[in-house]
Amino acid sequence: MPKLQSRMLTLISGLLSAIMPLAATTALAAGRVTWKYKIFRGSVPVEELTALAEQGEVSPTLERLMKRSGQNPTDVQEALSREVRVDQVMLDRFLNSPLGEVTLRQLSDYVHTPSRTADTQAMRAALVLSASEDDRISLIEVVQNYPAGAVVVEGDRIAEAAELLNTLQGGLQNLLEGFRLF
């Protein structure tokens, strides 16, 4: 009987070690977004921003934020939901290159932690997590996967952030071509 209990404990321990990182990732994902537009700030749950990005639904809170900031919800929806195709292995290599570090710093100017600490590390994690499911990245996925309880989105620069994600795809293509030369 002790041998059976030992095996059961080993099995349970193995299962817990496999499940805990997944639970931690989910627990650390952003729950609230501070939408910043110049000097104006407003807070909204990630779910409401997701509903805008995926279904075009504008919650009362988002409607007030968009009205105060003078933004068109359709334009914000397009910027948040625009997808970029990336290979997650190449993405990881790119993000760990000097050009990738520059890109991470630039993206962190648009989406960042409230305290502005460990922004590039958080952005790297959010990008890799976003690409891990389907080899695609969008800004809404980055916000959803941001490994902090809260995230700040520079709303007045959301279109620039979407464009920078598009350049990420080009950087990966250049990296791929560089590997083919060797």
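The following refers to the structure shown. Positions within a chain are numbered from 1, following the residues in the order the chain's sequence is written. Note on the predicted model: pLDDT of at least 70 is required for a residue's local features to be given, and 80 or more for side-chain atom pairs to be given and counted; whole-chain, interface and lining totals, by contrast, use all residues. In computing side-chain properties, one takes all heavy atoms of the structure into account and sets aside hydrogens as well as water.

When helices and strands are tallied, the protein chain shows 9 helices and 6 strands. The buried label goes to any residue with under 20% of its type's maximum accessible area, the exposed label to any with over 50%, and the partly exposed label to all in between, with areas taken from a 1.4 Å probe on protein chains only. Burial status across the protein chain gives 39% buried among its 182 residues. Using the Shrake-Rupley algorithm and a 1.4 Å probe, accessible areas are obtained, with residue cover drawn only from the displayed protein chains. Accessible surface, the protein chain: about 10300 Å² in total, of which carbon and sulfur atoms supply 57%. Only DSSP runs of H or I with at least four residues qualify as helices, and only runs of E with at least two residues qualify as strands; both kinds are numbered from the N terminus onward.

To characterise two packed helices, one gives the angle between the axes of the helices and the distance between these axes. Note on definitions: angles span 0 to 180 degrees between N-to-C directions of axes, and those axes are lines fitted to C-alpha atoms, for helices only across the stretch in contact. In contact at an axis separation of 9 Å, helix 6 (residues 98-107) and helix 7 (residues 119-134) are set at 100° when each is read in the N-to-C sense. By the angle between their directions, the pair helix 6 and helix 7 is classed as roughly perpendicular. Only Thr 120, Met 123, Arg 124 and Leu 127 of helix 7 make contact with helix 6, whose side of the interface consists of Glu 101, Leu 104, Arg 105 and Leu 107. Considered class by class, the residues forming the contact of helix 6 with helix 7 number 4 nonpolar, 1 polar and 3 charged. Roughly parallel means an angle under 35 degrees; roughly antiparallel means over 145; roughly perpendicular covers 65 to 115; every other angle is labelled oblique. Contact between two residues is taken to exist if any of their heavy atoms lie within 4.5 Å; hydrogens are not considered. Nonpolar residues are Ala, Val, Leu, Ile, Met, Phe, Trp, Tyr, Cys and Pro. Charged residues are Asp, Glu, Lys and Arg, and all others, Gly as well, are polar.

With that settled, the discussion passes to the side chain of Glu 141. The residue Glu 141 is located in helix 8 (residues 139-145) in this model. Put simply, Glu 141 is tucked away with no salt bridge, and the nearest opposite charge, on Arg 136, sits 7.8 Å away. Note on charges: Lys and Arg go in the positive column, Asp and Glu in the negative column, and His and the chain ends are not counted at all. Should a side-chain nitrogen of Lys or Arg be within 4 Å of a carboxyl oxygen of Asp or Glu, the pair is scored as a salt bridge.

In this section: helix 2 (residues 46-55). When we look at burial in helix 2, the residues that qualify are Val 46, Leu 49, Thr 50, Ala 51, Leu 52 and Ala 53. As for helix 2, its buried residues are in contact with strand 1 (32-37), strand 2 (40-45), helix 3 (60-69), helix 4 (73-81) and helix 8. Just past helix 2, the residue Gly 56 takes up positive phi, approximately 75°.

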